[in-house]
Amino acid sequence: MDPLQIVLIVVCVAAVWALIEIALLARKGRASVQTLDSAVSEINETLAEAKPVIAKLDDTLEELQPAVQRVEPLLASANVAVDALSANLVEVEAVVRDVSSFTGTAVNAKHAARGVANSATGAVQRFLSKRKGEEGDTDRALTEGPAEPAVQPEEEKPVERQYFTYGADESSAPAGEAAHE
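Cut-offs and rules
- Residues numbered from 1 in each chain as written.
- Predicted model: local features only at pLDDT ≥ 70, side-chain atom pairs only at ≥ 80, totals over all residues.
- Heavy atoms only, no water.
- Helix = DSSP H or I, 4+ residues; strand = E, 2+ residues; numbered from the N terminus.
- Buried < 20%, exposed > 50% of the residue type's maximum accessible area, 1.4 Å probe, protein only.
- Contact = heavy atoms within 4.5 Å.
- Areas by Shrake-Rupley, 256 points an atom, 1.4 Å probe, with all protein chains shown as cover.
- Salt bridge = Lys/Arg side-chain N within 4 Å of Asp/Glu carboxyl O.
- pLDDT = per-residue confidence, 0-100.
- Patch = residues over 30% accessible without salt bridge, like charges linked within 9 Å, V, L, I, M, F, W, Y side chains within 5 Å.
- Lys, Arg positive; Asp, Glu negative; His and termini not counted.
- Charge placed at Lys NZ, Arg CZ, Asp CG, Glu CD.

A few words on the overall build of the protein chain. When you go through the protein chain residue by residue, the secondary structure sums to one helix and zero strands. A total of 181 residues make up the protein chain; the buried ones form 3% of that total. The long-range fraction of contacts in the protein chain, counting pairs at least 24 apart against all pairs at least 6 apart in sequence, stands at 48%. Within the structure as shown, the protein chain displays about 16000 Å² of accessible surface, and the carbon and sulfur contribution to it stands at 62%.

Moving on to the pattern of salt bridges. Enumeration over the complete set of coordinates arrives at one salt bridge. Linking Glu 93 and Arg 97 is a salt bridge whose minimum nitrogen-to-oxygen distance equals 2.7 Å. Here Glu 93 pairs with Arg 97, and both are found in helix 1 (residues 3-135), just four residues apart, close to one helical turn.

Residues of the protein chain with pLDDT of at least 70 account for 73%, and the chain-wide mean is 79. Ignoring residues within four places in sequence, the model shows residues 136-148, a span with pLDDT below 50, making five contacts including any to other chains. Here residues 172-181 is modelled with pLDDT under 50, and outside its nearest four sequence neighbours on either side it reaches 15 contacts, counting other chains as well.

Before going further, it helps to spend a moment on a negative patch on the surface. On the surface, a cluster of negative charge is made up of Asp 58, Asp 59, Glu 62 and Glu 63. With respect to the secondary-structure elements, Glu 62 resides in helix 1.

Below, the discussion takes up a nonpolar patch on the surface. Together, Met 1, Ile 6, Ile 9, Val 10 and Val 13 give the surface a local cluster of nonpolar side chains, amounting to about 520 Å² of exposed area. Structurally, Val 13 can be placed in helix 1.

What follows is the structure in structure tokens.
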């Protein structure tokens, strides 16, 4: 055999082998193209189903556009209302503080007046009992019957202050403690 014939046989074997590889590659490529084609057809079906939904969403967005334009002025007016309410609450708090201060002052004035009245009553009773003891004049007695000993004013119990606070949990503050600042 001639070297040229050996080369031709090797080239023929290589050509057959290359044809077989090309055929196998074409078969695999055909399977890949079929898989790709089925995937594309599924995507097309999904897009076809999604088109009506997208159209409905577009219509809904167009219908909502006027409502969205009205929301901003509503939010602005709500903000103004909240600011006004906050200012009113600050004023109410100041009034409550003033009322609390006034009631505390009134209670202190009441106690002072009671103390003055009790002192004056005690002084009058002591004066009359001394005078009665010196002169023994029964015509000037304040009460009929046996003479009663002078009544000493009772010692007053300290007043327990209680405040009502708005917005506070009533169970959290014990009764009698100052819960208002």
